[in-house]
Amino acid sequence: MSLLVVGLSHRTAPVSVLERAALPEGARAKLLQDTVACEPATEAAVLATCNRIELYADVDKFHAGVAELTTLLAQHSSAGLDELTPHLYVHYEDRAVHHLLSVACGLDSMVVGEGQILGQIKDALALGQQQHTAGRLLNDLFQQALRVGKRAHSETGIDRAGQSLVTFGLSQLAPATGPLDGRSALVVGAGSMSSLAAATLARAGVRELAIANRTVERAQRLARALADQHPGLSTRALTIADVPDAVSQADLVVSCTGATGLVLTADDLRTAVARRTGEGPLAVLDLAMPRDVDSAAHQLGGLHFADIESLAAASADAPMAADVDQVRAIVSQEVAAFGAAQRAARITPTVVALRAMAADVVAGELSRLDGRLPDLDDKQRAEITQTVRRVVDKLLHAPTVRVKQLAGEPGGAGYADALRELFDLDPQAVAAVSRADTRPPTRVAQNRIEAGNE
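As a starting point, this report considers the structure included with it. (Residues numbered from 1 in each chain as written. Predicted model: local features only at pLDDT ≥ 70, side-chain atom pairs only at ≥ 80, totals over all residues. Heavy atoms only, no water.)

### Re the overall build of the protein chain
Stage number 1. Along its length, the protein chain carries 19 helices and 10 strands.
Stage number 2. Here the protein chain holds 454 residues, and the buried ones make up 49% of them.
Stage number 3. The contacts in the protein chain between residues at least 6 apart in sequence include a share of 73% that link residues at least 24 apart.
Stage number 4. For the protein chain, the exposed area adds up to about 21,400 Å²; of that, 52% sits on carbon and sulfur atoms. (Helix = DSSP H or I, 4+ residues; strand = E, 2+ residues; numbered from the N terminus. Buried < 20%, exposed > 50% of the residue type's maximum accessible area, 1.4 Å probe, protein only. Contact = heavy atoms within 4.5 Å. Areas by Shrake-Rupley, 256 points an atom, 1.4 Å probe, with all protein chains shown as cover.)

### Observations regarding empty space enclosed by the protein
Space left empty within the atom packing is revealed by a probe, the size of a water molecule, rolled over the atoms.
Stage number 1. If you walk through the whole model with that rule in mind, you get three cavities of 30 Å³ or more.
Stage number 2. Looking at the largest cavity, its volume works out to about 110 Å³.
Stage number 3. Around the largest cavity, the lining comprises 13 residues; the ones closest to its centre are Cys50, Asn51, Glu114, Gln120 and Leu165.
Stage number 4. Looking at which element gives the most residues to the lining of the largest cavity, the answer is helix α6 (residues 116-130), with three residues.
Stage number 5. Classifying every residue of the lining of the largest cavity by side-chain character gives six nonpolar, five polar and two charged.
Stage number 6. Taken together, Val15, Glu19, Asp286, Ala288, Met289, Arg291, Asp307, Ile308 and Glu309 make up the full set of residues lining the second largest cavity.
Stage number 7. At the level of secondary structure, the elements contributing two or more residues to the lining of the second largest cavity comprise α1 (15-21) and α14 (308-315). (1 Å grid on protein atoms, 1.4 Å probe; cavity = no way out; pocket = protein on both sides within 12 Å on 5 of 7 lines; lining within 4 Å. Points joined across faces, edges and corners; volume = space filled by probe spheres on them. Nonpolar A, V, L, I, M, F, W, Y, C, P; charged D, E, K, R; others polar.)

### Let's talk about the pairing of strand β5 (residues 184-188)
Stage number 1. Burial of β5 is extensive: five of the five residues sit out of reach of the surface.
Stage number 2. Along β5, one buried face is formed by Ser184, Leu186 and Val188 and the opposite face, lined by Ala185 and Val187, is buried too.
Stage number 3. Alignment of β5 against strand β6 (residues 208-213), held across five bridges, turns out to be parallel. The residue of β6 that forms the bridge with Ala185 is Leu209. (Pairing = 2+ DSSP bridges.)

Everything listed here is a matter of coordinates, which is why it stays silent on function.
Next up, the structure:
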């Protein structure tokens, strides 16, 4: 089986396409189940953020896998296949590993070096585990990505190169908002991005913070938590229906919900600007995908507006830190290590089957010895048994250790076949060892294993 990723991001697709390709949370679970149900794939994970949608799979056929994953992405989004295809990228095997590790380190983010992507990768892995679609390969890969991302942030200065998308967006609006100390703000949504925005605004010293959410209890919990952490901060929770009126009372609005339609229309904003009594223009930051705020806001007077599209354009001109090169070197090292570990792991069932066959040979010979020398006492029999087993272990030790080393090198995939051929190992015995791995296979993979044994 081989790793394949098909996806699109802010680097390959305009925001209008990303918006239509966005996957609500419920759609992600269905996409995973449909992916492992198709013939080429046995594992699947989906990484969906405000600026990327990527489908990872363990496939047995490259071309069929690309065709199937592309079709599934189109079927589960609002973008048609013809619209989606020109913007897709495909990575396979080591290139797919390199891509995810680069993403985890923030090298492929809209804001280079941002660390929020690690939480999103963790969520993608958790969803795959919850849906039983992340098996041995994708569990190993995503856990490695999380480790490498943390390593990049701890061993380099990549944090100096980037900010979170929230802080970057706020920095783009800073000329309009000025210092946030003492200002009033409205955050629409109570998910991870909205919570980060609310916490960032609280640390920046806003005086009043309103949080609106479709489930008002979540808004209340977030409001209480921030009020406890920042004693001078006045917070209140609102419903989504309260948002249009609340906008006119705010100096800054940050919106990031999972809504499929607009939360704020151009008319809502035009009315809010007319009703405002605060000083200076209203600033609005839309971090949602698909968008929460009508893009016509860019043309409204009395309003400064930033969204994913304008942030993408601004980030293209952001300076790169020298630490980026160091992170790229870490990624290259870790890709090589992951590949070596995976190649070495593939030969382990063959080595285990070889040792099992040797143990059976030893047991058979000792049984025959018992028949020929029935007068041996227990001490003599134990000494002979230990000696024979020690001889076999010593004969097998060096070649099995060496074959694992060789299998971990590029081009080492053939060593398992060579072992099976040289020692005439039963392929079914090797397959049985593979199935006995302590890490559970995905539900679909297990069904295929069972079907193959009927």
